[in-house]
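# Report on the structure
Single-letter residue listing:
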Amino acid sequence: MKLRRQKHAKKNMGFYKNNFQFREPFQVLLDGTFCHAALQNKIQIREQLPGYLGGPTQLCTTRCVLKELESLGKPLYGAKLIAQRCEVQNCSHQKDPVSGSACLLSMVEEGNPHHFFIATQDQDLANKVKKKAGIPLLFIIQNTMVLDKPSPKSLAFVQTLQTSQLVPEHQKQSIVQLKEKEGLAKQESEKRRKRKRAGGPNPLSCLKKKKKTQESKEASAEKKKRRRKRNRVKTKAVQSVQKNEEE
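In what follows, the accompanying structure is described. (Residues numbered from 1 in each chain as written. Predicted model: local features only at pLDDT ≥ 70, side-chain atom pairs only at ≥ 80, totals over all residues. Heavy atoms only, no water.)

### Let's talk about the sheet that holds strand S5 (residues 137-141)
Short version of the rule: Only when DSSP finds a minimum of two bridges between them are two strands counted as paired. Numbered from the N terminus, helices here are DSSP runs of H or I no shorter than four residues, and strands are runs of E no shorter than two. Lines are fitted to the C-alpha atoms to define the axes, a helix being fitted only along its stretch in contact, and any angle between axes, read from their N-to-C directions, falls within 0 to 180 degrees. Contact definition: two residues touch when any of their heavy atoms are within 4.5 Å.
The strand order across the open sheet formed by 6 strands is S3-S2-S1-S4-S5-S6, and the pairing between neighbours is mixed. Either end of the sheet is taken by a strand with one partner, and the two such strands are strand S3 (87-89) and strand S6 (144-147). Each strand of the sheet is rotated relative to its neighbour by a mean of 35°, with strand direction disregarded. In this structure, strand S1 (residues 26-30) lies alongside strand S4 (residues 116-119), joined through 4 bridges in parallel fashion. By the bridge assignment, Leu-29 is partnered in S4 with Ile-118. Across the sheet, helix H3 (residues 45-53) lies against S1, strand S2 (57-62), S4, S5 and S6, angled at about 40° from S6, the strand it touches most. Seen against the sheet, helix H4 (residues 63-72) touches S1, S2 and S3 and runs at an angle of roughly 65° to S2.

Here you go:
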């Protein structure tokens, strides 16, 4: 089971590395729910996560997450201690703090330029993350950390990237202008308008008939000789019959 889980993680990491340029050290944003679940399941995030993801990791959080844990009091005191050991990333809510889930969601806006992982047990936050392309999602299930498979949004993004290669619009226009300048656009349109001409006669039907070989000639000559001999025999027989009748 552990080996299969490791293979799935390696496959999913390859997807994000190849298509979204994720590089080491991997930056993982933790919220209070993930820290609390790790404490309850006795998971050492800092020690176990690098081996699972296959490279060095950097555990991160935000001030909004820390303030949310502080406001929840003693029940989440242990989760707050875990979060405090993480590197605090600057968010845009210093004056007006928001909920931890809203803060983490704002950190991955505009295409996730900093290549963050999101580690959470909040199902609502996870569903919102899956609606964005290129954001790996981590959660804890059955006392183990799991990297979720790429979302349909990420798969669709990669498919369009491979088919159209996402050429910017201004580059497409410049390519069209260059073609018109060189006269290539007209040539392409003329090629499309040209119809197929009616084909000529079958070349095989134009070939001359093969001459009879020497063997066929000899065979026909022999047949003629046989016919002549038969005709001679017949004439002799007729002549002899006629003589007998005259006598």
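Here the narrative resumes.
### Some words on the pairing of S6
With 4 bridges joining them, S5 and S6 adopt antiparallel strand pairing. Its bridge partner being in S6, Phe-139 is matched across the sheet by Val-146. Where S5 folds back on S6, the antiparallel hairpin that results is connected by 2 residues, among which Gln-142 adopts a positive phi of roughly 55°.

### Details of the packing of helix H2 (residues 32-40) against helix H5 (residues 77-84)
Put simply, the test is: Angles below 35 degrees are treated as roughly parallel, those above 145 as roughly antiparallel, those between 65 and 115 as roughly perpendicular, and all remaining angles as oblique. Under the scheme applied, nonpolar residues are Ala, Val, Leu, Ile, Met, Phe, Trp, Tyr, Cys and Pro; charged residues are Asp, Glu, Lys and Arg; polar residues are all the others, including Gly.
Running from N to C, H2 and H5 cross one another at 110°; their axes reach a closest spacing of 8 Å. One way to sum up the angle between H2 and H5 is to call them roughly perpendicular. Contact residues: H2 offers Gly-32, Cys-35, His-36 and Leu-39, while H5 offers Gly-78, Ala-79, Ile-82 and Ala-83. For the contact of H2 with H5, a count of residues per class yields 5 nonpolar, 3 polar and no charged.

### As for the nonpolar core
To keep things clear, this is the line we draw: By nonpolar core we mean a set of buried residues, namely Ala, Val, Leu, Ile, Met, Phe, Trp, Tyr and Cys, connected to one another through side-chain atoms within 4.5 Å. For every residue, the accessible area obtained with a 1.4 Å probe (protein chains only) is divided by the maximum for its type, and the residue is called buried under 20%, exposed over 50%, and partly exposed between those limits.
Residues Ile-45 and Leu-53 are the most contacted members of the largest nonpolar core, which totals 51 residues. For this core, the element with the highest residue contribution is helix H1 (residues 2-20), accounting for 5 residues. Dropping the residues within four chain positions of it, Leu-53 is found in contact with Met-13, Phe-26, Val-28, Phe-117, Leu-138 and Leu-147.

### Focus: empty space enclosed by the protein
Selection criterion: In this analysis a 1.4 Å probe is tested at points of a 1 Å grid over the protein atoms alone, and where it fits but cannot get out there is a cavity; an open set with protein on both sides within 12 Å along at least five of seven lines is a pocket; lining residues have an atom within 4 Å of a point. Grid points are joined across faces, edges and corners, and a volume is the space filled by probe spheres set on the points.
Under the definition given, this model contains 1 cavity of 30 Å³ or more. Counted as a void, the largest cavity has a volume near 40 Å³. Class assignment for the residues of the lining of the largest cavity results in 4 nonpolar, 1 polar and 3 charged.

### Some thoughts on the packing of H1 against helix H8 (residues 152-164)
To keep things clear, this is the line we draw: By convention the crossing between two helices is left-handed if the near helix lies anticlockwise of the far one by an angle smaller than a right angle, and right-handed if it lies clockwise.
Where H1 meets H8, the closest approach of the two axes is 11 Å, and the angle between their N-to-C directions is 40°. Relative to H8, the element H1 lies oblique. Where H1 crosses over H8, the handedness of that crossing is left-handed. Together, Phe-15, Asn-19 and Phe-20 of H1 and Ser-154, Leu-155, Phe-157, Val-158 and Gln-162 of H8 make up the contact between the two elements. A per-class count over the contact of H1 with H8 returns 5 nonpolar, 3 polar and no charged.

### Observations concerning the pattern of salt bridges
Stated formally: Each salt bridge in this description consists of a side-chain nitrogen of Lys or Arg and a carboxyl oxygen of Asp or Glu lying within 4 Å of one another.
In the structure shown here, the tally under the stated rule is 3 salt bridges. Note that Glu-109 is salt-bridged to Lys-132, the shortest N-O span being 3.4 Å. Separated by 23 residues along the polypeptide, Glu-109 in the loop between helix H6 (100-107) and S4 and Lys-132 in the loop between helix H7 (123-130) and S5 bring together distant segments of the chain. As a salt-bridge pair, Asp-124 and Lys-128 come within 3.5 Å of each other at their nearest N and O atoms. One end of the pair, Asp-124, and the other, Lys-128, are both in helix H7, 4 residues apart, so they sit about a helical turn from each other.

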